2 protein chains.
Amino acid sequence: MKISPIEKRSLVDMAESKVRRAIVDSGLKVGDVLPGEMELAERLGVSRNVMREALSRLRMLGVLESRKRRGMVLTEPDLLGGIAKVLDLPVLGDRAKHDLFELRLVVELGISDLIFLRKTDSDMLLLKRIVIREESMAKGTIVPVECEVSFHTQLYRMAGNETLRRFQSLLEPFFNWESEYDKELGNHPDDGTVTHRQLFEILSSGTVEQFRAAIQKHLQPHIDKINNIRLSEESL
Amino acid sequence: MKISPIEKRSLVDMAESKVRRAIVDSGLKVGDVLPGEMELAERLGVSRNVMREALSRLRMLGVLESRKRRGMVLTEPDLLGGIAKVLDLPVLGDRAKHDLFELRLVVELGISDLIFLRKTDSDMLLLKRIVIREESMAKGTIVPVECEVSFHTQLYRMAGNETLRRFQSLLEPFFNWESEYDKELGNHPDDGTVTHRQLFEILSSGTVEQFRAAIQKHLQPHIDKINNIRLSEESL
């Protein structure tokens, strides 16, 4: 006899999913108004408390808003709000952190075309200032972490994609995660054979092909490290 | 006189943010137990209903779970759960969709190194089957959308990063978004000058440098299109 355990979804989970389904099925759009909490509770056959909890979740995600005299309105959310709320808390395991670190690397390796398409003169001026500041602070070949972050943050800005920019700012802590890992391995962060200054020069007067190749070389030590990290984390 | 409007955060918003702050400040980790709902409500000076709503939000994100006899336990969430819940609903505007389309493209342009690092023989066998199936279905140079999706989904799998793979499956609808856009523009999706078969061959017996260059060529028509789309969306 095949018998599976009873699904442990709470009433609130079920109410939440019913409301989602109803929004999709009735073709609601941003700006449309949902029935009131009391009416929804009655139609779903749940208590008002359960209904309120379910709707509160949608409000947190930014897809619903209570407006005076209009009721509950469907709204366009901050797409990355949910992930931001998770990254805020100390709940991610090493595997997830490593995945995010790789994701950040993948994005930086693939972003060159957007940067070339959208960079402006004022972007370049700002990037130049960041490079000059870094050169005044750097000791030998070691670039201070804060300079590292400013330079790459500015590259993301130049790509002209707001979601991508926010995504990067959420992933910024995983810069540090790698630095901590480096300490354990006895390494220090390394920028490969292409410096920020050289990347800047190519952006100023080079081609997108040259820039792609240069970013690849700049990030190569991080790519090489991925293999080592995996090996030493086999136990995960 | 400078005077700013009163912040419109609800009691539930404030309770949620207090609990988050407390989790971070008291150094709680996954597996640690939170005080009960009633105790938290008392300590924050809010009603039990407000407290329940705030905690329900954290449960939805997967960072809290109620366990029998143990109480509320801090848990490791599905990192992309929040974003998945938003993408489920018809609430994203064209700007956000366009951003996601670009993000997907950026990831595909940057993923080559991971694929080369992790591909296995059984991955390659599966990829080969996908290519053969496509060749039996394709009419002239037009690749059916489903073959397009299978091929690229398999590339993501081969990169061996679970977060990245889920991310791609969430972004899959934005393949279609571009196809719809193409229809409006009177174009059909185009795969550049490198076919899936050629990508497969390079993965079998080429170098990572060759693969990077080939993926770039394969995706070039999509990159070229970004500029056109932007121009025709200037009104956004």
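Description of the structure in this document. Small disclaimer: the values here were computed from a predicted structure and weren't measured. (Residues numbered from 1 in each chain as written. Chains lettered and ligands numbered in written order. Predicted model: local features only at pLDDT ≥ 70, side-chain atom pairs only at ≥ 80, totals over all residues. Heavy atoms only, no water.)

### Thoughts on the overall build of chain A
Phase 1 of the analysis: Counting its regular elements, chain A contains 12 helices and three strands.
Phase 2 of the analysis: Buried residues in chain A amount to 49% of all 236 residues.
Phase 3 of the analysis: Summing over all exposed atoms, chain A offers an accessible surface of approximately 12000 Å²; the carbon and sulfur share of this is 53%. (Helix = DSSP H or I, 4+ residues; strand = E, 2+ residues; numbered from the N terminus. Buried < 20%, exposed > 50% of the residue type's maximum accessible area, 1.4 Å probe, protein only. Areas by Shrake-Rupley, 256 points an atom, 1.4 Å probe, with all protein chains shown as cover.)

### Observations concerning the pairing of strand β3 (residues 71–74) of chain B
Residues and elements named next belong to chain B.
Phase 1 of the analysis: Sheet topology note: the strand β1 (residues 33–34)/β3 ladder contains two bridges and is antiparallel. Following the sheet pairing, V33 is matched in β3 by V73.
Phase 2 of the analysis: Note: strand β2 (residues 64–67) against β3, four bridges, orientation antiparallel. Within β3, the residue paired with R67 across the bridge is G71.
Phase 3 of the analysis: Between β2 and the antiparallel strand that follows it, β3, lie three residues; R69 among them carries a positive phi value of about 65°. (Pairing = 2+ DSSP bridges.)

### With respect to the packing of aromatic side chains
The description of two aromatic rings rests on the distance between their centres and on the angle between their planes.
Phase 1 of the analysis: As enumerated under the stated definition, the model contains three aromatic pairs over all chains in all.
Phase 2 of the analysis: A ring pair is formed by F116 of chain A and F211 of chain A, whose centres lie 5.8 Å apart and whose planes are at 50°; its orientation type is tilted. Taken together, the positions of F116 of chain A in helix α6 (residues 112–118) and F211 of chain A in helix α12 (residues 208–232) put the pair 95 residues apart, joining distant regions of the chain.
Phase 3 of the analysis: With relative accessibility at 0%, the residue F211 of chain A sits in the buried group.
Phase 4 of the analysis: When the centroid spacing of 5.5 Å and the interplanar angle of 10° are considered together, the rings of F167 of chain A and F167 of chain B count as stacked. You can see F167 of chain A sitting in helix α9 (residues 162–171) and its partner F167 of chain B sitting in helix α9 (residues 162–171), one on each of two chains. (Phe/Tyr/Trp six-rings, centres within 6.5 Å; stacked < 30°, edge-to-face > 60°.)

### Looking at the pattern of salt bridges
Residues and elements named next belong to chain A.
Phase 1 of the analysis: Throughout the structure, instances matching the rule amount to 36 salt bridges over all chains.
Phase 2 of the analysis: A salt bridge links R104 to E108; the shortest N-O distance between them is 3.1 Å. Placement of the pair is R104 and E108 together in helix α5 (residues 94–110), with a separation of four residues, close to one helical turn.
Phase 3 of the analysis: Between R165 and E162 there is a salt bridge, with the nearest N and O atoms lying 3.1 Å from each other. Residue R165 and its partner E162 are both found in helix α9; the two are separated by three residues, about one turn of the helix. (Salt bridge = Lys/Arg side-chain N within 4 Å of Asp/Glu carboxyl O.)

### Examining the packing of α5 of chain A against α9 of chain B
Phase 1 of the analysis: Remark: α5 of chain A packs on α9 of chain B, axes separated minimally by 8 Å, with the N-to-C direction vectors making an angle of 60°. Considering their axes alone, α5 of chain A and α9 of chain B lie oblique with respect to each other. On the side of α5 of chain A, the interface is formed by D99, L100, L103 and V106 of chain A, while α9 of chain B contributes E162, T163 and L164 of chain B. (Axes fitted to C-alpha atoms, helices over the stretch in contact; angles between N-to-C directions. Parallel < 35°, antiparallel > 145°, perpendicular 65-115°, else oblique. Contact = heavy atoms within 4.5 Å.)

### Side note on the interface of chain A and chain B
Phase 1 of the analysis: Of the residues lining the interface, 62 residues belong to chain A; the matching set on chain B comes to 62 residues.
Phase 2 of the analysis: With both chains or domains summed, chain A and chain B bury close to 5300 Å², and 63% of this area falls on carbon and sulfur atoms.
Phase 3 of the analysis: The three residues of chain A that bury the most area against chain B are L79, L89 and V91 of chain A, which together make up 12% of that side's buried surface.
Phase 4 of the analysis: Connecting chain A to chain B are four salt bridges.
Phase 5 of the analysis: Note that K85 of chain A and E16 of chain B form a salt bridge whose closest N and O atoms lie 2.6 Å from each other.
Phase 6 of the analysis: Counting across the interface, chain A meets chain B through 23 residue pairs in polar contact (both at pLDDT 80 or more).
Phase 7 of the analysis: Taken together, the elements giving at least two residues each to the side of chain A that touches chain B come down to α1 (11–25), α3 (48–61), α4 (81–87), α5, α6, α9 and α12 of chain A.
Phase 8 of the analysis: It is α5 of chain A that contributes the most residues to the side of chain A that touches chain B, 10 residues altogether.
Phase 9 of the analysis: Classifying every residue of the side of chain A that touches chain B gives 32 nonpolar, 13 polar and 17 charged. (Buried area = accessible area lost by both parts, 1.4 Å probe. Polar contact = N/O pair within 3.5 Å; in protein donor to acceptor, adjacent residues only side chain to side chain. Nonpolar A, V, L, I, M, F, W, Y, C, P; charged D, E, K, R; others polar.)

### Observations regarding helix α7 (residues 121–137) of chain B
All names here are of chain B.
Phase 1 of the analysis: Over its 17 residues, α7 runs 25 Å from end to end, which matches the ideal 24 Å to within 8%, given 1.5 Å per residue.
Phase 2 of the analysis: Where α7 is concerned, the buried positions are D123, M124, L127, I130, V131 and E134. Projected down its long axis, α7 carries its buried residues within an arc of 120°, all on one side. Residues D121, S122, R129 and S136 are exposed on α7 and point more than 90 degrees away from its buried face. (Expected span 1.5 Å × (residues − 1). Arc of directions from axis to C-beta.)

### Some thoughts on the side chain of E16 of chain B
Phase 1 of the analysis: Tracing the backbone through its elements, the reader meets E16 of chain B in helix α1 (residues 11–25).
Phase 2 of the analysis: Polar contacts involving the side chain of E16 of chain B include one to the side chain of R57 of chain B, which spans 2.9 Å.
Phase 3 of the analysis: If we skip the residues at most four places from it in the chain, E16 of chain B touches M60 and K85 of chain A together with A54 and R57 of chain B.

### Description of the sheet that holds β1 of chain B
All names here are of chain B.
Phase 1 of the analysis: Strand order in the open sheet formed by three strands is β1-β3-β2, with antiparallel pairing between adjacent strands. If you trace the sheet from one side to the other, it starts and ends with β1 and β2, each paired once.
Phase 2 of the analysis: Sheet strands touched by helix α3 (residues 48–60): β2 and β3. Its angle to β2, the strand with the most contacts, is close to 105°.

### Examining the relation of the copies chain A and chain B
Phase 1 of the analysis: Taken as rigid bodies, chain A and chain B are interconverted by a rotation of 180° and an axial shift of 0.0 Å, the fit giving an RMSD of 0.1 Å. This pairing of chains is accounted for by a two-fold axis.
Phase 2 of the analysis: With an isologous cut-off of 70% or more, the 100% of interface residues of chain A that recur at the interface of chain B puts this contact in the isologous class. (Least-squares fit on C-alpha atoms with pLDDT ≥ 70 in both.)

### Some details on the nonpolar core
Soluble globular proteins tend to pack their nonpolar side chains together in the buried interior.
Phase 1 of the analysis: Counting residues in hydrophobic clusters, the biggest one holds 127 residues, and the most contacted among them are V107, L155 and L164 of chain A together with V107, L155 and L164 of chain B.
Phase 2 of the analysis: What V107 of chain B contacts, discounting residues up to four positions off in sequence, is L103, V106 and V107 of chain A together with Y156, L164 and F167 of chain B. (Core = buried A, V, L, I, M, F, W, Y, C linked by side-chain atoms within 4.5 Å.)

### A word on the sheet that holds strand β1 (residues 33–34) of chain A
Residue and element names in this part refer to chain A.
Phase 1 of the analysis: Spatial strand order, β1-β3-β2: three strands in an open sheet with antiparallel pairing. On the outer flanks of this sheet lie β1 and β2 (64–67), each paired with one strand and no other.
Phase 2 of the analysis: Along the sheet face, α3 touches β2 and β3 (71–74) and points at about 105° away from the line of β2.

Keep in mind these values describe shape, not function.
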